[in-house]
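Residues per chain are reported as follows:
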Amino acid sequence: MNVPIRPRSLALLGGGLVVLLLLTRGCWPQGDESKRKPAVLVSLAPVSLGDFDETFPITGEVKSLASAAIRSQVSGVVQRVYFREGQDVNAGQPLIGIDPSPWQAALNQAIANRNRAIAKERVARAEVKRSRAEARQARQRANRYGSLGSQGAVSVDLAEQFRSQALSLEATVLSRESEVESTRADLAAARAAEANARLNLERTTIRSPIGGRAGQLRLTAGNLVRESEDRPLVVVNQFRPITVQFAVPQRLIPRLELGLKVKLAAGDWGQVSSIDNAVDPSTGTTAVKATFANRSQHLVPGAYVKGSLQLERLKQVLLIPQIAIQTGQKGPFVYVATTTMTKGNGAKGSGAIDNGAKAMVATPRQLQLGPTGADQVVVRAGLRPGERVVVKGQFALSPGSTIRLPKQQSGQGSK
């Protein structure tokens, strides 16, 4: 038998279902928990204390401390080459030999001229000696006859004759003495010509004025070279030590001083040896030179190299990897790994104990930064030693994001 359901009964039944739903709602998973984001996989690096070299990147040109462009100082035919191209040579080492025959002949002629001048000078001195003796005797005779003439023992004419003869011989002495001076001048000129001829003969052997590495030779044996040609026969560059010239901005001039260390990308260490005394107004920089030992001789003049100028060594400062730094509206910041407690899964009102678990979250931290190196940054404020910063995966984080570590870092814990 079907019993009709009254409208009032339907209303009561519906209300009971609503109450039942409200009572059981607390047992269902919450919507926000079902939508909770998974932990982000990140890598961490510790905030460390250490020494830091404040550097300035440089690009410089390698230059020789000394460079000699070898030219011939005499004309002649190249007779011999004493070196190989690219060979290391010493100061004074023979490089090129020019045919010495014409220059030897010129020296022999100069020696003969010098000997002739010596003979003339000796003859002139002998003539002066003889003329002085004759003039002295004539003066003595003139004085004696002059005394006798005043006493009337001899005629006045005879006394005057002897006096005139003495004066003539004394004049001859002066002439002979001037001839001696002339022959001495001729002898000096002959000796100078001999020295020049001897020097030219020595110049037929071209020697290196400095120690270094010889470049390529323009001429070979059998070629004619002329005195003081514009184009050098060979260039010798000093390699050890060697310099690198670079420019630094004028704002760094107060911090520049001789002896500052310079490191090249190839690993060479040198030190500042020269600072220019002016700033180039077109670039706002000043020129600086650093000297390197260059024992391996791989620094070649004219090459461009990169490196860094060490301005200051900071002791025991906070350091973090440069890749951890991000830039926000308030300036640079990093994400720091911090530990927090998560809520347990006990149902509300069920009487279960809430056993929370530890979790790591990413907390942003504003920083005050110092100098920056190739891969590290000095932190002046914002971090403490021992804290860990996110260095990988940070771009997927937001404040409060839960993070997890790779297996190799998961056992290190967080602070």
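Residues numbered from 1 in each chain as written. Predicted model: local features only at pLDDT ≥ 70, side-chain atom pairs only at ≥ 80, totals over all residues. Heavy atoms only, no water.

## Here we look at the overall build of the chain
So, point 1. Helix and strand counts for the chain stand at five helices and 23 strands.
So, point 2. Put simply, of all contacts in the chain between residues at least 6 apart along the chain, 76% involve residues at least 24 apart.
So, point 3. Approximately 26200 Å² of the chain is accessible, and the part contributed by carbon and sulfur atoms is 52%. (Helix = DSSP H or I, 4+ residues; strand = E, 2+ residues; numbered from the N terminus. Contact = heavy atoms within 4.5 Å. Areas by Shrake-Rupley, 256 points an atom, 1.4 Å probe, with all protein chains shown as cover.)

## A closer look at the sheet that holds strand 11 (residues 234-237)
So, point 1. Read across the sheet, four strands follow the order 4-11-9-6 without closing on themselves; strand pairing throughout is antiparallel. The sheet terminates laterally at strand 4 (67-70) and strand 6 (88-89), the two strands that pair on one side only.
So, point 2. By the bridge criterion, two bridges tie strand 6 to strand 9 (residues 212-214) in an arrangement that is antiparallel. Residue Asp-88 lies in a different strand from strand 9, and its bridge partner there is Arg-213. (Pairing = 2+ DSSP bridges.)

## Some thoughts on helix 3 (residues 101-151)
Three or four residues apart is the spacing at which side chains of an α-helix point the same way, because the helix has 3.6 residues per turn.
So, point 1. Along its 51 residues, helix 3 runs 75 Å from first to last C-alpha, staying within 8% of the 75 Å computed at 1.5 Å per residue.
So, point 2. Taken from the residues just after helix 3, Gly-152 is the one with a positive phi, measuring 85 degrees. (Expected span 1.5 Å × (residues − 1).)

## Remarks on the packing of helix 3 against helix 4 (residues 156-202)
So, point 1. In the contact formed by helix 3 and helix 4, the axes pass within 7 Å of each other and the chain directions differ by 165 degrees. With respect to their mutual orientation, helix 3 and helix 4 come out roughly antiparallel. The chirality of how helix 3 crosses helix 4 is left-handed.
So, point 2. Here the residues of the contact of helix 3 with helix 4 sort into 26 nonpolar, eight polar and 20 charged. (Axes fitted to C-alpha atoms, helices over the stretch in contact; angles between N-to-C directions. Parallel < 35°, antiparallel > 145°, perpendicular 65-115°, else oblique. Left-handed = near helix turned anticlockwise from the far one by under 90°. Nonpolar A, V, L, I, M, F, W, Y, C, P; charged D, E, K, R; others polar.)

## Description of unusual backbone geometry
A negative phi angle characterises most non-glycine residues, just as the trans form characterises most peptide bonds.
So, point 1. Between Arg-240 and the following residue, Pro-241, the backbone shows a cis peptide bond with an omega angle of -10 degrees.
So, point 2. Tracing the backbone through its elements, the reader meets Pro-241 in the loop between strand 11 and strand 12 (242-249).
So, point 3. The backbone of Gln-316 shows a phi angle near 50 degrees, a positive value even though the residue is not glycine.

## Here we look at the sheet that holds strand 7 (residues 94-98)
So, point 1. Reading across the sheet, the four strands line up as 8-7-5-10 and stay open at both edges, with antiparallel pairing between neighbours. In this open sheet, the two edge strands, each paired with only one partner strand, are strand 8 (205-207) and strand 10 (224-225).
So, point 2. Note: strand 5 (residues 76-81) against strand 7, three bridges, orientation antiparallel. Among the inter-strand pairings, Val-81 is bridged to a residue of strand 7, identified as Ile-96.

## Looking at the layout of surface pockets
So, point 1. Estimates place the volume of the second largest pocket at around 390 Å³.
So, point 2. Lining of the second largest pocket is provided by 18 residues; of these, Asp-53, Thr-55, Ser-308, Gly-373 and Ala-374 occupy positions nearest its centre.
So, point 3. When contributions to the lining of the second largest pocket are tallied by element, the ones reaching two or more residues are strand 3 (48-64), strand 13 (261-264) and strand 16 (304-321).
So, point 4. The dominant element in the lining of the second largest pocket, judged by the number of residues it contributes, is strand 3, at five residues.
So, point 5. When its residues are assigned to classes, the lining of the second largest pocket shows six nonpolar, seven polar and five charged. (1 Å grid on protein atoms, 1.4 Å probe; cavity = no way out; pocket = protein on both sides within 12 Å on 5 of 7 lines; lining within 4 Å. Points joined across faces, edges and corners; volume = space filled by probe spheres on them.)

## Examining the nonpolar core
So, point 1. Membership of the largest hydrophobic core comes to 23 residues, with the highest contact counts inside it found for Ile-70, Phe-83, Leu-95, Ile-96, Leu-233, Val-234 and Val-236.
So, point 2. Of all the elements in the fold, those that place two or more residues in this core are strand 4, strand 7, helix 3, helix 4 and strand 11.
So, point 3. Setting aside its immediate chain neighbours within four residues, Ile-96 contacts Val-78, Arg-80, Tyr-82, Phe-83, Thr-204, Thr-205, Ile-206, Leu-217 and Leu-233.
So, point 4. Val-248, Leu-252, Leu-256 and Val-272 belong to the second largest nonpolar core, which has 20 residues in total. (Core = buried A, V, L, I, M, F, W, Y, C linked by side-chain atoms within 4.5 Å. Buried < 20%, exposed > 50% of the residue type's maximum accessible area, 1.4 Å probe, protein only.)

## As for the pattern of salt bridges
So, point 1. One pass over the full model with this rule turns up 21 salt bridges.
So, point 2. In this structure, Asp-51 and Arg-313 form a salt bridge, with 4.0 Å as the shortest nitrogen-oxygen distance. Of this pair, Asp-51 sits in strand 3 while Arg-313 sits in strand 16, and the two are 262 residues apart along the sequence.
So, point 3. With a relative accessible area of 41%, Arg-313 lands in the partly exposed category.
So, point 4. We note a salt bridge from Arg-139 to Glu-170, for which the minimum N-O separation is 3.1 Å. Note that Arg-139 is positioned in helix 3 and Glu-170 in helix 4, a separation of 31 residues in sequence.
So, point 5. According to the relative accessible area criterion, Glu-170 is partly exposed, its value standing at 30%.
So, point 6. Here the salt bridges share partners, and the residues they tie into one network are Glu-127, Arg-130, Glu-134, Arg-176 and Glu-179. (Salt bridge = Lys/Arg side-chain N within 4 Å of Asp/Glu carboxyl O.)

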